[in-house]
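Examining the three-dimensional arrangement
One-letter residues, chain by chain:
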Number of protein chains: 2
Amino acid sequence: MVTGRYDYIRDPAAIYRESERMIRDATDLSAVPEDLRTVAVRLVHTVGRPEIVSNLIGSDGAVAAGRQALTNGAPVLCDVEMVSKGIIRSRLPVANDVLCTLTLGGVPALASRLGTTRSAAAVDLWQPWLDGAVVAIGNAPTALFHLLERIAEGFPKPALILGFPVGFVGAAESKQALAESGLPFIALTGREGGSALAAAAVNALCGGLSE
Amino acid sequence: MVTGRYDYIRDPAAIYRESERMIRDATDLSAVPEDLRTVAVRLVHTVGRPEIVSNLIGSDGAVAAGRQALTNGAPVLCDVEMVSKGIIRSRLPVANDVLCTLTLGGVPALASRLGTTRSAAAVDLWQPWLDGAVVAIGNAPTALFHLLERIAEGFPKPALILGFPVGFVGAAESKQALAESGLPFIALTGREGGSALAAAAVNALCGGLSE
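If you're wondering where the values come from, they're calculated on a predicted model, not measured in any experiment.

**Quick notes on the overall build of chain A**
Of regular secondary structure, chain A possesses nine helices and six strands. Here the C-alpha radius of gyration of chain A, 17 Å, is about what a compact globule of 211 residues would show, namely 17 Å. By its C-alpha atoms, chain A is 55 × 40 × 35 Å across when sized along the principal axes. Counting the 211 residues in chain A, one finds 60% classified as buried. Partitioning the intrachain contacts of chain A with sequence separation of at least 6 by distance along the chain shows that 65% fall at a separation of at least 24. Roughly 8300 Å² of accessible area belongs to chain A as shown, and the carbon and sulfur atoms make up 49% of that amount. Positive and negative side-chain charges of chain A, numbering 18 and 21 respectively, have mean locations separated by a distance of 6 Å.

Here is the structure:
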């Protein structure tokens, strides 16, 4: 066993248990809908900020819809590879596919042709998998806007959209549009978000922090 | 050109410019040391929170040391693949290697033998590359603690340590230990951190947001 000059917990299971205890102590979950609380704990764990739970919203039955979709074998569609890398593969119920189309060779040219970002253009490549999928957007507001536009135009509907785009330009607005879309969703309102939060939301569909 | 039901900026360059303008408007950079301001803007961009800059600290000349190391061809050593995925490869000055040893086959057994986390055990595999490297830690406090312990025991010294572990158990303490280590560093104090911030710090060494 390693011991060193610093005194800290080295056992991974103990770290998770102590994290969950500290998060539940520090976080006011009373205003969070019961079915979103597992998601809330994971999100707080991911960024170290209990305050974010006041911005967590979701449509009725969103968590159940996402869990059912994953159990049924739905793929997870991610806007950026960082989201994909943050998803704990061993927790996915049936070794679900996790896809990110952003880095495919044709995407920059498609983005130029469409006059939009690569992240938005990459959403067009999701069409064959969208029906009943779990979508996790952790970076680009334009990807979320574009997805909502394509669905309004006739693209298949996912089982759940996890909306965590981040930043100053369009992030809050894109999540507002998601909340008003009538589609099943979980999102963090405002500017805050990120790929780690989007991945954590997927992981939360697969179980709690210290399970 | 695509146009849709939502009104939002679709041009990537315009998004970056508008982001930078909004961040500089919303962020009090006066308390941030001059050489850390480019880093500060990138970090705020990454999480959508101007408030974080009050927790940004670094040793004297840290940014210059990191830039020089990258220009000299130093590798970037990452604790998790999410950090590696967030580094914009096309911005690295000499196509620097970006390494993450966490997913190598022998790491779980090494972690068991050492009685620590996989993230900490993976740091032992950095030894051949550590001398003059840029280290980016965005997830595990145990990885940062373990690195500091190994360096104290004789591992080579990196040119710069970017300390952004996150969470409730050990994150604040590990960054405090980093700040007191005498090693060149940039860090966000407290519980806040994450792989996107660690990657953004590397990207900031390679230039500003809208350059």
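**Here's the deal with the UniProt feature "domain: Cobalamin biosynthesis precorrin-8X methylmutase CobH/CbiC" (unreviewed entry) in chain A**
Under the present numbering, the feature "domain: Cobalamin biosynthesis precorrin-8X methylmutase CobH/CbiC" (unreviewed entry) in UniProt falls on residues 15-206 of chain A. In the segment residues 15-206 of chain A, helix accounts for 45% and strand for 11%; the C-alpha atoms at its two ends are 19 Å apart.

**Details of the packing of helix H2 (residues 37-47) of chain B against helix H9 (residues 195-205) of chain B**
Two numbers describe a pair of packed helices, the interaxial angle and the distance between the axes. All names here are of chain B. Across the interface, H2 lies against H9 with an axial gap of 9 Å and an inter-helix angle of 145°. The way H2 lies across H9 gives a crossing that is right-handed. Contact residues: H2 offers Thr 38, Val 39, Arg 42, Leu 43, Thr 46 and Val 47, while H9 offers Ala 196, Leu 197, Ala 200, Ala 201, Asn 203 and Ala 204. Here the contact of H2 with H9 is built from residues that sort into eight nonpolar, three polar and one charged.

**As for helix H1 (residues 12-26) of chain B**
With 15 residues, H1(B) extends 21 Å from end C-alpha to end C-alpha; this agrees with the ideal 21 Å at 1.5 Å per step. Listed as buried for H1(B) are Ala14(B), Ile15(B), Ser19(B), Glu20(B) and Ile23(B). Looking at the buried positions of H1(B), the neighbouring elements they touch are helix H7 (141-152) of chain A together with H2 of chain B.

**A closer look at the packing of aromatic side chains**
Under the counting rule described, the total for this entry stands at four aromatic pairs over all chains. Geometrically, the ring pair formed by Tyr6(A) and Phe145(B) is tilted, given 5.3 Å between the ring centres and 40° between the ring planes. Here Tyr6(A) is found in the segment before helix H1 (12-26), whereas its partner Phe145(B) is found in helix H7 (residues 141-153) on a different chain. Between Phe145(A) and Tyr8(B) the ring centres are 4.2 Å apart and the planes differ by 10°, which places this aromatic pair in the stacked class. A residue pair is termed interchain when its members come from two chains, as with Phe145(A) in helix H7 and Tyr8(B) in the segment before H1. The pair formed by Phe145(A) and Tyr8(B) is uniform in burial state, with each residue classed as buried.

**Brief notes about the relation of the copies chain A and chain B**
The operation relating chain A to chain B is a screw motion whose rotation component is 180°, with 0.0 Å of axial translation and a residual RMSD of 0.0 Å. Both copies are brought into coincidence by an operation consistent with a two-fold rotation axis. When each C-alpha of chain A is compared by its distance to the rotation axis, Met82(A) comes out closest, at 2.5 Å. Comparing contact sets, 100% of the residues at the interface of chain A also lie at the interface in chain B, consistent with an isologous, same-surface contact.

**Side note on the pattern of salt bridges**
Two side chains carrying opposite charge are able to pair once their charged atoms lie near each other. In the structure shown here, the tally under the stated rule is 22 salt bridges over all chains. Between Glu34(B) and Arg37(B) there is a salt bridge, with the nearest N and O atoms lying 3.9 Å from each other. For Glu34(B), a relative accessible area of 64% gives the class exposed. On the accessibility criterion, Arg37(B) (26% relative accessible area) is partly exposed. Notably, a salt bridge pairs Glu153(B) with Arg150(B), separated by 2.9 Å at the nearest N-O pair. Of the two residues, Glu153(B) and Arg150(B) both sit in helix H7, three residues apart, roughly one turn of that helix. Overall, Arg150(B) belongs to the buried group, its relative accessible area being 13%. Several salt bridges share partner residues, and in doing so they unite Arg49(A), Glu51(A), Glu192(A), Arg49(B), Glu51(B) and Glu192(B) into one network.

**Thoughts on the sheet that holds strand E5 (residues 160-163) of chain A**
Residue and element names in this part refer to chain A. The sheet built from six strands is open, its strands ordered E1-E6-E5-E4-E2-E3 with mixed pairing. Looking at which strands have only one partner, the edges of the open sheet turn out to be strand E1 (56-58) and strand E3 (98-100). Between one strand and the next, the sheet's axes are offset by a mean angle of 15°, whatever the strand orientation. The sheet contact formed by E1 and strand E6 (residues 185-188) spans three bridges and is antiparallel. In the sheet register, Gly 58 faces E6, and the bridge partner there is Ile 186.

**Re the interface of chain A and chain B**
The interface of chain A with chain B comprises 48 residues on the first partner and 48 residues on the second. Of the roughly 4200 Å² buried between chain A and chain B, counting both surfaces, carbon and sulfur atoms make up 69%. Across the contact surface, chain A and chain B share six salt bridges. Ionic pairing is found between Arg10(A) and Glu149(B), a salt bridge with its closest N-O pair at 3.1 Å. The tally of links from chain A across to chain B stands at 12 residue pairs in polar contact (both at pLDDT 80 or more). Classifying every residue of the side of chain A that touches chain B gives 23 nonpolar, 14 polar and 11 charged.

**Here we look at the state of the cysteines**
Residues and elements named next belong to chain A. Within this structure, the stated rule accounts for zero disulfides over all chains. Between Cys 206, a cysteine without a disulfide, and Cys 78, which holds the nearest cysteine sulfur, the sulfur-to-sulfur distance is 12 Å. Given the relative accessible area of 22%, Cys 206 is considered partly exposed.

**Examining the environment of Val41(B)**
All names here are of chain B. Along the chain, Val 41 falls in helix H2. By relative accessible area, which is 3% here, Val 41 ends up buried. It is 7.4 Å that separates the C-alpha atoms of Val 41 and Arg 24, two residues lying 17 residues apart in sequence. For Val 41, the contacting residues outside a window of four places in its chain are Glu 20, Ile 23, Arg 24, Leu 29 and Leu 209.

Thresholds, definitions, all that
Residues numbered from 1 in each chain as written. Chains lettered and ligands numbered in written order. Predicted model: local features only at pLDDT ≥ 70, side-chain atom pairs only at ≥ 80, totals over all residues. Heavy atoms only, no water. Helix = DSSP H or I, 4+ residues; strand = E, 2+ residues; numbered from the N terminus. Rg over C-alpha atoms; globule rule 2.2 N^0.38 Å. Buried < 20%, exposed > 50% of the residue type's maximum accessible area, 1.4 Å probe, protein only. Contact = heavy atoms within 4.5 Å. Areas by Shrake-Rupley, 256 points an atom, 1.4 Å probe, with all protein chains shown as cover. Lys, Arg positive; Asp, Glu negative; His and termini not counted. Charge placed at Lys NZ, Arg CZ, Asp CG, Glu CD. UniProt positions renumbered as here; feature names shortened; annotations may be inferred. Axes fitted to C-alpha atoms, helices over the stretch in contact; angles between N-to-C directions. Left-handed = near helix turned anticlockwise from the far one by under 90°. Nonpolar A, V, L, I, M, F, W, Y, C, P; charged D, E, K, R; others polar. Expected span 1.5 Å × (residues − 1). Phe/Tyr/Trp six-rings, centres within 6.5 Å; stacked < 30°, edge-to-face > 60°. Least-squares fit on C-alpha atoms with pLDDT ≥ 70 in both. Salt bridge = Lys/Arg side-chain N within 4 Å of Asp/Glu carboxyl O. Pairing = 2+ DSSP bridges. Buried area = accessible area lost by both parts, 1.4 Å probe. Polar contact = N/O pair within 3.5 Å; in protein donor to acceptor, adjacent residues only side chain to side chain. Disulfide = S-S within 2.5 Å.

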